[in-house]
Amino acid sequence: MLDREGEIGTLAIGARADLVVLAADPLQDLAVLADPARQMPLVVQGGAIVRDGHRTG
């Protein structure tokens, strides 16, 4: 795929990833997507953390 096998389309060390962690199952309750501040504790874009709701500081 686009000459990027092993880099995209997989969850592996060294692969780039976009990942959204949700506090609930959106297939059971779409409302979880309406409140990202409370319901999306972690967002990773291009392999970098762009939102970490669990981080304190």
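Refer to the structure above for everything that follows.
My aim in this report is to walk through the structure given alongside it, one point at a time. (Residues numbered from 1 in each chain as written. Predicted model: local features only at pLDDT ≥ 70, side-chain atom pairs only at ≥ 80, totals over all residues. Heavy atoms only, no water.)

Overall, the coordinates contain 1 salt bridge when judged by the stated rule. For aspartate 35, the salt bridge identified is with arginine 38, shortest N-O distance 3.8 Å. We classify aspartate 35 as partly exposed; its relative accessible area is 26%. Residue arginine 38 is classed as exposed on the basis of its relative accessible area of 65%. (Salt bridge = Lys/Arg side-chain N within 4 Å of Asp/Glu carboxyl O. Buried < 20%, exposed > 50% of the residue type's maximum accessible area, 1.4 Å probe, protein only.)

Residue position: glutamine 39 is located in helix α1 (residues 36-39). Sequence-distant contacts of glutamine 39, that is, excluding residues within four places in its chain, are made with Val21, Leu22, Ala23, Ala24 and Val32. (Helix = DSSP H or I, 4+ residues; strand = E, 2+ residues; numbered from the N terminus. Contact = heavy atoms within 4.5 Å.)

Next up on the list: the pairing of strand β2 (residues 42-45). Here strand β1 (residues 19-21) runs beside β2; their pairing, made up of 3 bridges, is antiparallel. Among the inter-strand pairings, valine 20 is bridged to a residue of β2, identified as valine 43. Following β2, the chain reverses through 2 residues before pairing antiparallel with strand β3 (residues 48-52); glycine 46 in that reversal takes a positive phi of roughly 60 degrees. (Pairing = 2+ DSSP bridges.)

Sheet topology places β2 next to β3; 4 bridges connect them, and they run antiparallel. Along β3, the bridge assignment pairs valine 44 with isoleucine 49.

The next subject is the sheet that holds β2. Backbone hydrogen bonds are what pair the strands of a sheet, in a parallel or an antiparallel way. Spatial ordering of the open sheet is given by β1-β2-β3, a layout of 3 strands whose pairing is antiparallel. Across the chains shown, the open sheet's two edge strands, defined by having one partner strand only, are β1 and β3. Adjacent strand axes in the sheet meet at a mean angle of 10 degrees, parallel and antiparallel pairs treated alike. (Axes fitted to C-alpha atoms, helices over the stretch in contact; angles between N-to-C directions.)

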